[in-house]
Amino acid sequence: MTSPALNFKDLWKPFLIAAALAFVYATVLIKLGADWWTDENYSHGLLVPPLIGYIIWLEFDALKNAPKNPSVWLGFALIVSALVLLLGGTLGAELFTRRVSFVLMLAGVVVCFWGARTLKLLAAPFALLLLAIPIPQIIFNKIALPLQTYASQTAIWGMRFFEVPSVRKGNVIEILPHGATQIVALEVVEACSGIRSLMTLVTLALVLAYFTGDGDKRFGRGWFDFVRNFDFWRAIILMLSAIPIAIITNAARVTATGVLTYRYGKRAMEGALHDASGWLVYVAALGLLLLVNMALKRVLSPKSQVLSQSESQITDYGFQTENQKPKTEDQDEEAVISSTVSASSPRPRVSVSLLAIVLLVGGIFINWFEQRGEVEVARQPLSKISAQLGEWRQKGDAIRFGTATETVLGTTDYMMREYAAPGGRLANLYVGYYASQRFGATYHSPLNCLPSSGWVMTEPQRIKIKSPSGKTFTANKFIIENGVYNEVLIYWYQGRGRATASEYADKINTIWDSVLRRRSDGAMVRVMTRVGDSETEATAKAADLAAQIADELPEFVPE
């Protein structure tokens, strides 16, 4: 690579755009960096910015020599879309949307100044940045839960092969260590499920495919020329192979932990030995990924080169830069026509100052929406909810979480009680209220919280609930299991006059009400009761308690 001479007169342009982007996305980027530092699932994100910088440095000549065809209208469309996503994510308290907005904004800036073809040359850096963004927790758990279950099932098979006495209860494996009298519970949490190494492995697969590619990493001139590129398909296969590799290596880790626990007791589950096993998983997974890459290059690559002479010429032509392509008479004629059209009707170019103004105005507008006060609504504290709800009567005192759990929940107010119905049936009622969701505090869905506590959620349904006053709404219903415990769970989101089963619909409603009503308050309501002898009866009882509390809530969760 050759280093181009710097034009110091033009340095103010990228500096101005960078300053404007920093102003708009300062809080987003600071929070993202903090998550990279503290969230072990995405700690690889700390390496992504310098890696992107290195790739751009390697590709600088190709980027410099690429045809510059700025597309002002497309670029501004991407930029405006990014600002809309940022506003929606800000008002709806959705970090993922705000972070994706930053990636879309960068894409818009690239298209504005250099064109869509340059954006395609930067496909690898943009893909790396997207892989470093933590996915929404609800999606994360949909991935982690099956991996946890598979890891625990596979571990049981492995332990039985090594003649280790063990019993699986959900994602908890009970082991009786050799010579001991007390059972040790081995919980297969997210860290042992494979999800942690999966995020890193998918990123490593992309990096490996990029740096072991054959020369030019670009995928041709046309938008769909990449489908003829072997390196593209190798990257896709490598990234997909990271999934079974993560599952296999982590299942082996759980099996080994179980065997060591049987031999050496509880100390095998903690301390340096447990941490070392985590590093060994990464090393083994990376080794398998390297083997898959070697196999793909050795087995598949020669087949991709069996092309006709004309196809080879077309493919090679597509991967060359403009300065390297042989000029044909048709191309010369096309170049003359193109230059003539350009001379008569020059392509519009974006003004750096105008773009900076758009970004600053958009940032000020979004900050104004974020910082403006919300309407204060009168409400009663949840502690004043009646002890008698229909036939249900409160049993015992209100249940309080520990300080650490309350910090994670981030509720403005919450209530959790046990209620008893005639006949002795007990049900747990929880209401968590948030006065505002604009600054990150938002509902903790049971889909997120319960699985992390060892519960397995099955048989998802939507059920209709009708309150005594005639109010009808839809709620979620699950059967949840944790060892010997088997319960019916009903939950929904309520606030600002709506009762909603869908978390996504509630997010949209929150954004809408934030803009038009200056309100983002709301609550998550959850009812749980033992299945007992009849799931039908348990569901009916849980629905009855849900119906009773629905009529009480408007006083405590304002409409």
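As the structure is a computational prediction, the values presented were derived from the model and not from experiment.

**Considerations on the overall build of the protein**
Helix and strand counts for the protein come out as 18 helices and 12 strands. Partitioning the contacts of the protein with sequence separation of at least 6, the portion at a separation of at least 24 is 72%. With the model as given, the accessible surface of the protein reaches about 28300 Å², and the carbon-plus-sulfur share is 63%.

**Quick word on the side chain of S502**
As for its placement among the helices and strands, S502 is situated in the loop between strand 11 (498-500) and helix 17 (503-516). On the basis of relative accessibility, which here comes to 18%, the residue S502 falls in the buried class. Only 3.2 Å separates the side chain of S502 from the backbone nitrogen of Y504, close enough to count as a polar contact. Side-chain polar atoms of S502 contact the backbone nitrogen of A505, separated by 3.1 Å. Residues within four places of S502 in sequence aside, it is in contact with R462 and Y493.

**What about helix 14 (residues 352-371)?**
A rise of 1.5 Å per residue sets the reference length of helix 14, with its 20 residues, at 28 Å; its end C-alpha atoms lie 28 Å apart and thus fit the reference within 8%. Here the buried face of helix 14 lies against helix 1 (12-38), helix 4 (72-91), helix 5 (95-113) and helix 17.

**What about the pattern of salt bridges?**
Should the charged atoms of two oppositely charged side chains come close, the side chains can pair. One pass over the structure, following the stated rule, counts 12 salt bridges. Here E559 ties to K471 by a salt bridge, and the two come within 3.9 Å at their closest N and O atoms. Residue E559 is located in the segment after helix 18 (535-552), and its partner K471 is located in the loop between strand 8 (456-466) and strand 9 (472-482); the two are separated by 88 residues in the primary sequence. We classify E559 as partly exposed; its relative accessible area is 49%.

**Here's the deal with a nonpolar patch on the surface**
Residues Y54, W57, L58 and F211 make up a contiguous nonpolar surface patch of roughly 400 Å² in combined accessible area. For the nonpolar patch, the element with the most residues is helix 2 (residues 48-58), which contributes three residues. Of the residues examined, Y54 reaches a relative accessible area of 40% and is grouped as partly exposed.

**Concerning the packing of helix 4 against helix 14**
Two elements in contact, helix 4 and helix 14, have axes separated by 10 Å at closest approach and are oriented at 15°. When the axes of helix 4 and helix 14 are compared, the pair comes out roughly parallel. Considering how the two elements wind past one another, helix 4 and helix 14 form a crossing that is right-handed. Residues F76, I79, L83, L86, L87, T90 and L91 of helix 4 touch helix 14, and the partners they reach there are L354, L355, V358, L359, G362, F365, I366, F369 and E370. Looking at the contact of helix 4 with helix 14 residue by residue, the class counts come to 13 nonpolar, two polar and one charged.

**Details of the packing of aromatic side chains**
This model, assessed by the stated rule, comprises 13 aromatic pairs. Summarising the aromatic geometry, the rings of Y54 and W57 are spaced 6.1 Å apart at their centres and angled 20° between planes, so their arrangement reads as stacked. Remark: W57 and Y54 occur in helix 2; sequence separation between them is three residues, near one turn of the helix. Ring centres 5.1 Å apart and planes at 80° place the aromatic pair Y210 and F211 in the edge-to-face group. Under the relative-accessibility criterion, Y210 is labelled buried at 10%. Given the relative accessible area of 36%, F211 is considered partly exposed. Ring pairing ties together the aromatic residues Y54, W57, Y210 and F211, which thus form one cluster. Sitting over the face of the ring of Y433, R379 holds its NZ or CZ atom 4.0 Å from the ring centroid.

**A short note on the nonpolar core**
Counting residues in each nonpolar core, the largest one holds 49 residues, and the members touching the most others are I17, Y25, I79, M105, L355 and L359. If you list the elements that add at least two residues to this core, you get helix 1, helix 2, helix 4, helix 5, helix 7 (123-131), helix 9 (195-211) and helix 14. Sequence-distant contacts of I17, that is, excluding residues within four places in its chain, are made with V109, F113, V352, L355, A356 and L359. Counting residues in each nonpolar core, the second largest holds 34 residues, with I385, Y433, V488 and L553 among its members.

**Considerations on the confidence of the model for the protein**
Per-residue confidence for the protein averages 78 on the pLDDT scale, and 77% of its residues sit at or above 70. Within the model, the stretch residues 190-194 combines pLDDT values under 50 with 23 contacts to residues more than four positions away or in other chains. Within the model, the stretch residues 302-345 combines pLDDT values under 50 with 29 contacts to residues more than four positions away or in other chains.

**Topic: the packing of helix 5 against helix 14**
Axis separation between helix 5 and helix 14 bottoms out at 12 Å; the angle between their running directions is 165°. By the criterion of interaxial angle, the relationship of helix 5 to helix 14 is roughly antiparallel. Regarding helix 5 and helix 14, the two cross each other, and that crossing is right-handed. Facing R98, M105, V109 and F113 of helix 5, the residues of helix 14 in contact are V352, L355, L359 and E370. The residue inventory of the contact of helix 5 with helix 14, partitioned by class, reads six nonpolar, no polar and two charged.

**Section: helix 17**
If you check helix 17, its first and last C-alpha atoms are 20 Å apart, about what 14 residues at 1.5 Å a residue would give, namely 20 Å. Turning to helix 17, its buried residues are E503, D506, K507, N509, T510, D513 and S514. Around the axis of helix 17, the buried residues are gathered within 165° of arc, so they sit on the same side. Set apart from the buried face of helix 17 by more than 90 degrees, the exposed residues are I508, W512 and L516.

**Notes on unusual backbone geometry**
Of note in the backbone geometry, E163 takes a positive phi value of approximately 60° without being a glycine. Considering the arrangement of structural elements, one finds E163 in the loop between helix 8 (137-161) and strand 1 (166-169). Here the phi dihedral of E459 falls at roughly 50°; this positive angle occurs in a residue that is not glycine. Following the sequence through the fold, E459 ends up in strand 8.

**Looking at the environment of N41**
With respect to the helices and strands, the residue N41 is situated in the loop between helix 1 and helix 2. Counting along the chain gives 159 residues from N41 to T200, while the straight-line C-alpha distance between them is 7.6 Å.

**Describing the pairing of strand 5 (residues 392-395)**
Alignment of strand 4 (residues 388-389) against strand 5, held across two bridges, turns out to be antiparallel. Looking at strand 5, one finds that Q388 is bridged to R393. Here strand 4 folds back onto strand 5, and the loop between the two strands holds two residues, one of which, G390, carries a positive phi near 65°. With three bridges connecting them, strand 5 and strand 6 (residues 413-420) associate as antiparallel partners. Paired with K395 across the two strands is E418, which belongs to strand 6.

Analysis parameters
- Residues numbered from 1 in each chain as written.
- Predicted model: local features only at pLDDT ≥ 70, side-chain atom pairs only at ≥ 80, totals over all residues.
- Heavy atoms only, no water.
- Helix = DSSP H or I, 4+ residues; strand = E, 2+ residues; numbered from the N terminus.
- Contact = heavy atoms within 4.5 Å.
- Areas by Shrake-Rupley, 256 points an atom, 1.4 Å probe, with all protein chains shown as cover.
- Buried < 20%, exposed > 50% of the residue type's maximum accessible area, 1.4 Å probe, protein only.
- Polar contact = N/O pair within 3.5 Å; in protein donor to acceptor, adjacent residues only side chain to side chain.
- Expected span 1.5 Å × (residues − 1).
- Salt bridge = Lys/Arg side-chain N within 4 Å of Asp/Glu carboxyl O.
- Patch = residues over 30% accessible without salt bridge, like charges linked within 9 Å, V, L, I, M, F, W, Y side chains within 5 Å.
- Axes fitted to C-alpha atoms, helices over the stretch in contact; angles between N-to-C directions.
- Parallel < 35°, antiparallel > 145°, perpendicular 65-115°, else oblique.
- Left-handed = near helix turned anticlockwise from the far one by under 90°.
- Nonpolar A, V, L, I, M, F, W, Y, C, P; charged D, E, K, R; others polar.
- Phe/Tyr/Trp six-rings, centres within 6.5 Å; stacked < 30°, edge-to-face > 60°.
- Lys NZ or Arg CZ within 6 Å of the ring centre and 35° of its normal.
- Core = buried A, V, L, I, M, F, W, Y, C linked by side-chain atoms within 4.5 Å.
- pLDDT = per-residue confidence, 0-100.
- Arc of directions from axis to C-beta.
- Pairing = 2+ DSSP bridges.

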